[in-house]
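# Coordinate analysis (summary)
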Amino acid sequence: MAASGREFQARVGGRASSLLASCTLIVALSFTPWVIGAEAPWAQFAFRAIGLTAFGVVSLNEMRGALARSRWAASATMGCILIVATSGLSAAVSINRGKSLEAMLNLLAIAGLFLTAAIVLRGKKFFRGVALLEVLAAVPVAAVGIAQHFRPDLVPAGNSYPGRALGPFGQPNRLGGYLIALIPLALALSFSIQDRLLRLGLLLAVFAFTLCLVATYSRGAWIGFAVGLLSLAALLTRWPELMPRPVWIGAALVALLAPAILLLPSILSRITPKPSAAPAWNLPIDPEREGSGAMRRAVWSGSVAAFAARPVLGWGIGAFREGYDRSKSDPLKRLEAVGGRTADQAHNYYLETLAERGVLGLAAFLTFVALCAAAGLAAFREGTPDSRLLAAGLLASVAALLVHAALEDNVSLVPHGTLLFANLGLLVAVAPGSKDVPSRRVRWAGAAGVLVAVLGIAVSGLSAMAATTAQDAVKATAVGRLDEATARFAVATRLAPWEELYAAGRGKAAESSARAGRGSAALREAESGYRRAIALNGSDPVTRHELARLYLSHATEFGSAGIASAERELRAALTQNPHYAEIRNDLGVALLAQGDRAGARAEFRAAGEGRPEFVDPLLNLAILAQEDGNIAEATRLVAIAIERNPGSARAARMRESLEVRSGK
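Let me sum up the structure you'll find in this document. (Residues numbered from 1 in each chain as written. Predicted model: local features only at pLDDT ≥ 70, side-chain atom pairs only at ≥ 80, totals over all residues. Heavy atoms only, no water.)

## Focus on unusual backbone geometry
Heads up, the condition is: Each helix corresponds to a stretch of at least 4 residues labelled H or I by DSSP, and each strand to a stretch of at least 2 residues labelled E; elements are numbered beginning at the N terminus. Each residue is assigned to one of three classes by its accessible area relative to the maximum for its type, calculated with a 1.4 Å probe on protein chains only: buried under 20%, partly exposed between the two thresholds, exposed over 50%.
The phi angle at Tyr217 is positive, at roughly 55°, despite the residue not being glycine. Structurally, Tyr217 is set in the loop between α9 (196–216) and α10 (219–238). Judged by its relative accessible area of 8%, Tyr217 falls in the buried class.

## A closer look at the state of the cysteines
Basically, it comes down to this: Sulfur atoms of two cysteines make up a disulfide when they are within 2.5 Å.
Counting across every chain of the model gives zero disulfides. No disulfide involves Cys372; its nearest neighbouring cysteine sulfur is the one of Cys80, lying 8.2 Å away.

## Examining the side chain of Ser218
To keep it simple, the criterion reads: Pairs of N or O atoms are called polar contacts if they sit within 3.5 Å, as long as, within protein, a hydrogen donor faces a hydrogen acceptor (for residues adjacent in sequence, only side-chain-to-side-chain pairs).
Within the fold, Ser218 resides in the loop between α9 and α10. Accessibility expressed as a relative area gives 1% for Ser218, which makes it buried. Of note is the side chain of Ser218, whose polar atom sits 2.7 Å from the side chain of Asn173.

## Overview of the side chain of His554
Rule in force here: In this description, contact between two residues means that some pair of their heavy atoms is separated by no more than 4.5 Å.
Structurally, His554 can be placed in the loop between α23 (541–553) and α24 (555–576). Using a relative accessible area of 11% as the deciding quantity, one classes His554 as buried. Apart from residues no more than four positions distant in its own chain, His554 is found in contact with Arg515 and Leu523.

## Section: the environment of Pro33
Note that Pro33 resides in the loop between α2 (14–31) and α3 (41–64). Measuring from C-alpha to C-alpha, the distance between Pro33 and His416 comes to 8.4 Å, with 383 residues separating the pair along the chain. In this view, Pro33 contacts Val141, Pro168, Phe169, Tyr178 and Pro415; residues no more than four positions away in its chain are not counted.

## Observations regarding the packing of helix α26 (residues 597–607) against helix α27 (residues 616–627)
Cut-off, in case you're wondering: Here, axes are lines fitted to C-alpha atoms. For helices the fit covers the stretch in contact, and angles between N-to-C directions go from 0 to 180 degrees. Helix crossings get a hand from a simple test, with the near helix turned counterclockwise from the far one by less than a right angle marking a left-handed crossing and a clockwise turn marking a right-handed one. The nonpolar class holds Ala, Val, Leu, Ile, Met, Phe, Trp, Tyr, Cys and Pro. Asp, Glu, Lys and Arg form the charged class, and all remaining residues, Gly among them, are polar.
Remark: α26 packs on α27, axes separated minimally by 8 Å, with the N-to-C direction vectors making an angle of 145°. Relative to α27, the crossing made by α26 is left-handed. The segment α26 lies against α27, with Arg597, Arg601, Phe604, Arg605 and Ala607 engaging Pro617, Asn620, Leu621, Leu624 and Glu627. For the contact of α26 with α27, the residue count by class is five nonpolar, one polar and four charged.

It is worth stressing that arrangement in space is one thing and function is another; only the former is reported here.
As structure tokens, this is what we get:
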């Protein structure tokens, strides 16, 4: 068996490159759990800048011919490039190129962190230091979750997960998916470190992580946790010389089992299958009335249908919801229209990847993971004892994340994706084999990587400025400064012309300005904003509806051409989802404005079968009946409307009018 101590101490690329790799990973791993989501645009920009800077430095070294790598690193690098290439192809054909662009920026940043770990990072202290940092960075995350469990008043108001730990993620499944990657790694580090105090500290961290994981009550995360532990146990059992002393095995078992014993009654309650008690939305068409598993199966079915519609490259990286909304079953379309519920994720990373990036994208991801796992297994078989234990912990961490990915989409999130790619990079870095062979790649590939990194940072900066400007626009709208809001949304649209939300926001703000008396110029600006949003994302029936309502509400200004345009937009929206009662009702209004009373009546009747509290279609039918002289029918329809929605002021006025007319 060849010793790899010399390779561990090599400084390929220089000490400065190793320091850069450590710094980028340290910063990214430390703050990403706290800043996910669009609510922190500059934090997202910081993450992208860090990852893309790392991507650029690696590419620059490649261009200069100053980069050396092992055989394993060369193969893994090709796998990473394959992921980026297939994702870029899916983005090129995406039905929402704005979302795909944003997702590609995150992917490139994460790829940069992987490359620094796999190629540039050198030395046992660096490897173990980055792994140890992952554990330390998760300690405050777990502390927040534990505090939320034992102090429910710390959970944000209105949250739909009472009694469950959420952490900074605001969602228990995401917190659980984050923790399961750290527990086997912390255990492996505790077995490899000789310092008793540090080993005890790591076991205390394992206890805290496990207690917080149990408090999430995330069954999918528990499954991933079990697989991670079994993977670690299998590796150590296969090579018993790596086993720690029995006293430390016993301490580890206490750290793992004590939280489960402490919260055993609530665990049993969670794993007992039972349908959801009457949810707040209380809709008989909602699959979740039969339990969360039923909803997952319904979403999986729609995800498979989305993949089948575009099997090669998918709907575009990051554009899952747009593809899903077009492909999901009719009951789920009705649930969206009636209950306002849809899915932003597939509850399965592999199905989501198939829907977004097609079979090519999933094949690229699995190939990449297989190459990195093979490197890790080689390190486990042939490395020094320290490197073998570290490889075991990393392999178990990756296994936990990949199994959990079959039940959630957490790997597509920045914190979880960063953890996965960092650990895969560390597996490649600790793999045995010469790391002193200069790269033979053509230098134009490195130059292309530098260009991508520079452009990515620039686009990320524009995206962050646009998001901040849009937030200011929302604040201006809230206090009634409509002209300012319109102007700020227009600036955001110019900064990030790929984002339909800013264009739609500009349309709404301009329409509000027009209602406040700004006139036809504001109406034309509103029309332009809505049309721009539809051009960027044609999958959203709501934006088409908003444009149609603009035409209908200002028929005098837009004339007959506006009414005809409203009809076209409403029919296109109903083609995407025929169950929106509001859209169908407005189609009836548009047909009535064009003199088609029979068509309008048919649409009003169909719309009246939608949401029970939406009674405008019934009242519109009552008006038609009244115009036809059928007062009895009009009275009956108004009575039904009041029964369904007693608070409808319009229905109350119509009832009074009909009573006066009938002489009551």
